[in-house]
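Listed below, chain by chain, are the residues.
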Amino acid sequence: MLKTCKSSCKQNITPVSLDQYVPKVELKEYLKINDTIYEVDSRAENGMTFSRLLNYKYSDTLKKMDPDQLVALVTEVIPNYSCLVFCPTKKNCENVAEMICKSLSKEYLKHKEKEKQEVIKNLKNVSGGNLCRVLKHTIPFGVAYHHSGLTSNERKLLEEAYSTGVLCLFTCTSTLAAGVNLPARRVILRAPYVAKEFLKKNQYKQMIGRAGRAGIDSVGESILILQEKDKQQVLELISRPLENCYSHLVQEFTKGIQALFLSLIGLKIATNLDDIYRFMSGTFFGVQQKVLLKEKSLWEITMESLRYLTEKGLLQKDTIYGSEEEFQNNFHITKLGRASFKGTIDLAYCDILYRDLKKGLEGLMLESLLHLIYLTTPYDMASQCDPDWMIYFRQFNQLSPAEQNVAALVGVSENFIGKKASGQAIRKKVDKNIVNRLYLSFILYTLLKETNIWSVSEKFNMPRGYIQSLLSGAAAFSSCVLHFCEELEEFWAYRALLGELTKKLTYCVKAELVPLMEVTGVLEGRARQLYNAGYKSLTHLANANPEVLIRTIDHLSRRQAKQIVSSAKMLLHEKAEALQEEVEELLRLPSDFPGIVASSTEKA
């Protein structure tokens, strides 16, 4: 009976297509060459057909400002529909946004005027009263730029304003195409380039895929602006298939295959050579090995990676013999390997970090945080840094003698920075990564003292978004270094110092506000309100009356007040338990205490 029922159920089930629930949005692709717009048509002989001529009245001045006729293209769409303009560089995004606004009529200022003023007000609130000069000019027209130079709070506010239709035009870099859900009626590609590199097919598809809003628009349009010289290359681009997807497990090297092997052995998922090789064979890389591996076999790659980890002191090999001819290579993780694994340290830098921490113990400067900040400045960001030598020299001279000693200790002299600032030749070689890393630690040190991204951005002439990324990277790396040190007894002296520094880098506020910001739902503005109202510690908040908080703190709801008190109580309880465990550990008699050892021997 059961079999019959199953059989009849199978016969009555009809496959359901998602297409009937998800509305299709037609995407029309266009190319613009001079004044002419062509539609991309795979059936046409050269891949495109004539669509129309642009008919927009340009003054001589506007023609010079806007040779690509962007204003004509965007005004066909905005303000009633949204538009994205992809630009090759961050600076170009800002310039294009300003140029478009200079050409728009004052009618655009009236569209959702109050909402746009609210956006400006909110941007000032999250930036301590600061506002970007470009955004101040463009937002009233419903236009903004979007790139990594913005802080995360700015990006969030601008994206919300765009999603709700308050802003109708973004000039953006290609990074917006990946991961941020901001569709548009029309997508314009300012040029077939990302920075200086010609577009790849997957980048092109990712960008034009932003055109069309399911459930809102029935059609989406993309327009790629190109010069006559790029025409043939663009036609080849749009006609070719998407690039194949390949594994980067071996190309990533220390972040890829070696990190994978260290994790496998550290977690005891695979500890002998045969099991590790079998695991590798089942990875995406293993499946593609015939395509990716030309000179070496997968077995050779596996052996090389394990040899590298062993030589670096992260793994140790044990050979276990069975019969006369049989033996097995087993691996176990060393103390340094476990510290790197637990701290998720990039294996390219784990030995450098070990040396830096070891050297730091010999002469750690505790007069200021600078030395500790240097030790927790991310190694990978140093390679991307390009110091402004005049700023470097000026900042160095503002340091105290003790702080200047930190620079000397890591190997960067005042003489070297002075010569670089004055453009003199330098004979003595100095490690570029150390010099750059020290410069980044100057930025972080200044940021912790001033707690204002805008003023530090101006002082070091760097985008505020980059400063924030550096801060986030340093906070994350500081936490990683803390876990690294916890696994190695010789570095336990760093633990308390790194714990405090990680908090400061995470919150980047005045020291007195840090304890309050550990509480769920309390950001800098709220922490300052609570501190000014007399709630200066976790104990104060844990014992606070929610009803009194509501009356004392502006714009605080009952739910938020209860959450703050509840979270503070929980945190206080956790800290008390941790201290109790520490006390018990200190008072406990050691297991190797002579009297205990002797008595247990007598009983035996």
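I will try to describe carefully the structure that is included in this document.

1. Comments concerning the overall build of the chain
No. 1: Tallying secondary structure elements over the chain gives 32 helices and 12 strands in all.
No. 2: Across its three principal directions, the C-alpha atoms of the chain cover 100 × 80 × 70 Å.
No. 3: The burial tally for the chain puts 44% of its 604 residues in the buried class.
No. 4: Intrachain contacts of the chain at a sequence separation of at least 6 include 66% that bridge at least 24 residues.
No. 5: Carbon together with sulfur atoms contributes 52% to the accessible area of the chain, which is approximately 33,700 Å² in total.
No. 6: On the chain, the mean spot of the 78 positive side-chain charges and the mean spot of the 69 negative ones are 6 Å from each other.

2. What about the nonpolar core?
No. 1: Core analysis: the largest hydrophobic core is formed by 80 residues, its most contacted members being Leu357, Tyr392, Ile443 and Phe484.
No. 2: The greatest single-element share of this core, amounting to 11 residues, is contributed by helix α25 (residues 464-486).
No. 3: Each residue touching Leu357, except ones within four places of it in the same chain, is listed here: Leu375, Val481, Phe484, Cys485, Phe491 and Tyr494.
No. 4: Grouped together as the second largest cluster of nonpolar side chains are 74 residues, Leu31, Tyr108, Ala144 and Leu235 included.

3. Quick notes on a negative patch on the surface
No. 1: Residues Glu574, Glu577, Glu581 and Glu584 make up a contiguous surface patch of negative charge.
No. 2: Mapping Glu581 onto the fold places it in helix α31 (residues 558-587).

4. As for the packing of aromatic side chains
No. 1: Overall, the coordinates contain 14 aromatic pairs when judged by the stated rule.
No. 2: A ring pair is formed by Tyr354 and Phe491, whose centres lie 5.3 Å apart and whose planes are at 65°; its orientation type is edge-to-face. One end of the pair, Tyr354, is in helix α17 (residues 350-362); the other, Phe491, is in the loop between α25 and α26 (495-507), with 137 residues separating them in the sequence.
No. 3: The class of Tyr354 is partly exposed, set by a relative accessible area of 24%.
No. 4: Aromatic pair Trp389 and Phe416: ring centres 6.0 Å apart, planes at 85°, arrangement edge-to-face. In this pair, Trp389 sits in helix α20 (residues 389-397) while Phe416 sits in helix α22 (residues 414-422), placing the two residues 27 residues apart along the sequence.
No. 5: Grouping aromatic residues by their ring pairs yields a cluster made of Trp389, Tyr392, Phe416, Tyr439, Phe442 and Phe460.
No. 6: Sitting above the plane of the Tyr379 ring, Arg437 keeps its charged end 3.8 Å from the centroid.
No. 7: Directly above the ring of Tyr531 sits Lys536, whose terminal nitrogen or CZ lies 5.1 Å from the centroid.

5. What to know about unusual backbone geometry
If a residue is not glycine, its phi is most likely negative; likewise, a peptide bond is most likely trans.
No. 1: The amide bond that connects Ile78 to the next residue, Pro79, takes the cis arrangement and shows omega of 5°.
No. 2: As for its placement among the helices and strands, Pro79 is situated in the loop between α3 (70-75) and β4 (83-86).
No. 3: Although it is not a glycine, Asn34 sits at a positive phi angle of roughly 60°.
No. 4: Tracing the chain through its elements places Asn34 in the loop between β1 (26-33) and β2 (36-40).

6. Considering the packing of helix α6 (residues 113-126) against helix α8 (residues 152-163)
No. 1: Look at α6 against α8: their axes get within 9 Å of each other, and the N-to-C directions meet at 165°. By the angle class used here, α6 and α8 are roughly antiparallel. Crossing hand, α6 versus α8: right-handed. For the pair α6 and α8, contact is made by Val119, Asn122, Leu123 and Val126 and by Asn153, Glu154, Leu157, Leu158 and Ala161, respectively.
No. 2: Residues of the contact of α6 with α8, tallied by class, amount to 6 nonpolar, 2 polar and 1 charged.

Analysis parameters
- Residues numbered from 1 in each chain as written.
- Predicted model: local features only at pLDDT ≥ 70, side-chain atom pairs only at ≥ 80, totals over all residues.
- Heavy atoms only, no water.
- Helix = DSSP H or I, 4+ residues; strand = E, 2+ residues; numbered from the N terminus.
- Buried < 20%, exposed > 50% of the residue type's maximum accessible area, 1.4 Å probe, protein only.
- Contact = heavy atoms within 4.5 Å.
- Areas by Shrake-Rupley, 256 points an atom, 1.4 Å probe, with all protein chains shown as cover.
- Lys, Arg positive; Asp, Glu negative; His and termini not counted.
- Charge placed at Lys NZ, Arg CZ, Asp CG, Glu CD.
- Core = buried A, V, L, I, M, F, W, Y, C linked by side-chain atoms within 4.5 Å.
- Patch = residues over 30% accessible without salt bridge, like charges linked within 9 Å, V, L, I, M, F, W, Y side chains within 5 Å.
- Salt bridge = Lys/Arg side-chain N within 4 Å of Asp/Glu carboxyl O.
- Phe/Tyr/Trp six-rings, centres within 6.5 Å; stacked < 30°, edge-to-face > 60°.
- Lys NZ or Arg CZ within 6 Å of the ring centre and 35° of its normal.
- Axes fitted to C-alpha atoms, helices over the stretch in contact; angles between N-to-C directions.
- Parallel < 35°, antiparallel > 145°, perpendicular 65-115°, else oblique.
- Left-handed = near helix turned anticlockwise from the far one by under 90°.
- Nonpolar A, V, L, I, M, F, W, Y, C, P; charged D, E, K, R; others polar.

The values are spatial; any link to function lies outside them.
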